[in-house]
Amino acid sequence: MCIRDRALAVFIIAFGFHRVEEGHVGVYFRGGALLSDIAEPGYHWKFPFITTYENVQITVQTDQVTNIPCGTSGGVLILFDKVEVVNRLKRDSVWQTVKNYTISYDKTWIYDKIHHEINQFCSKHTLEEVYITMFDTLDENLVESLQRDCNIWAPGLEIIAIRVTKPRIPQHIAENYERMEKEKTNQKIAFETQRVAETSAQTKRQEATILAQTEADVSMIKMLKEISETKTLLEKEALMNDMLIQKEMAQAKATKIKLNTEAEANKFKLTPEFLKLEFLNAIANKSKTYYGPSVQDFLKENVHKLFDKQQEIISFIY
């Protein structure tokens, strides 16, 4: 083999090597036709100049669509500086997607589609709706619209999220909106100040109400305590009176029983013999001495009177 042939072989071998980056797959074209081969990340070799390759990213990527003009339903021209579309092409759908929409599939289904959807949105809404009231829903509407069409025409292309920057509007309109926002901010500050003052006043009223209620509760507790103590004292006095009455009644009953017992006993004692004995004892205890010649005559006369008196006493008792 001559030197020229060897140099040509080295050239073909060297230029036939290529590398597929991580997060990508390689697709091949020959004569402009897409081949069925799909290469994984790493080094590969194809015949140079005849077979070409392209890297297709299959990990999450962010496409930035810039400078999107659109007109509102009121005829105001506005401009979206940037719309970011987070998307991913599934590996199983790489060959079919490239076959249908070339390697620049994202131009059709992301860049051009974003322009179309933004203009559709603006043409159906007023400037205030696009710029203020409905702006917070725009990204969600774009995700839903793009994903719906991709599911039909480009299966495997997943729209993960969309971030939309605030559009630029004419200067004089922007100044009006700024003035309106400033007035709204001032009104909001005034409203918040009033609300704070009302809240503070309400708090003070509640504190005063709680304090008054607490004092009333304390007074009620004290009054109930005094009533309870008075009631207890009255009950104690009533109990002491009952005990005293019971004691007096018991003593009276005992005295009555004693007197009745003594009376019953005296009935048995008051016999003629006992009375005579008591009479004699009394005379003996209270004896008097008489002197003179008529002592015997005195005794004879008075003994009979004393015995008669004794009989009257016994008759009176019985």
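Here, every reference points to the structure presented above.
Residues numbered from 1 in each chain as written. Predicted model: local features only at pLDDT ≥ 70, side-chain atom pairs only at ≥ 80, totals over all residues. Heavy atoms only, no water.

With that out of the way, let us pick up the side chain of threonine 97. Mapped onto the elements, threonine 97 comes out in helix α2 (residues 94-101). Owing to a relative accessible area of 4%, threonine 97 belongs among the buried residues under this scheme. Here the side chain of threonine 97 touches serine 93 through a polar contact of 2.7 Å, landing on its backbone oxygen. The residues touching threonine 97, leaving out its near neighbours within four places in the chain, are Leu89, Thr102, Tyr105 and Pro155. (Helix = DSSP H or I, 4+ residues; strand = E, 2+ residues; numbered from the N terminus. Buried < 20%, exposed > 50% of the residue type's maximum accessible area, 1.4 Å probe, protein only. Polar contact = N/O pair within 3.5 Å; in protein donor to acceptor, adjacent residues only side chain to side chain. Contact = heavy atoms within 4.5 Å.)

Next up on the list: the packing of aromatic side chains. The final tally for this structure, using the stated rule, is 2 aromatic pairs. Ring plane angle 80° and centroid distance 6.3 Å describe the contact between tryptophan 45 and phenylalanine 47, whose orientation is recorded as edge-to-face. On the basis of relative accessible area, tryptophan 45 is assigned to the partly exposed category, the value being 38%. For the ring pair tyrosine 101 and tryptophan 109, a centre distance of 5.6 Å and an interplane angle of 85° mean the geometry is edge-to-face. Between the NZ or CZ atom of lysine 166 and the centre of the ring of tyrosine 131, over which it lies, the distance is 4.8 Å. The ring of phenylalanine 135 has lysine 166 lying over it, and the distance from NZ or CZ to the ring centre is 4.3 Å. (Phe/Tyr/Trp six-rings, centres within 6.5 Å; stacked < 30°, edge-to-face > 60°. Lys NZ or Arg CZ within 6 Å of the ring centre and 35° of its normal.)

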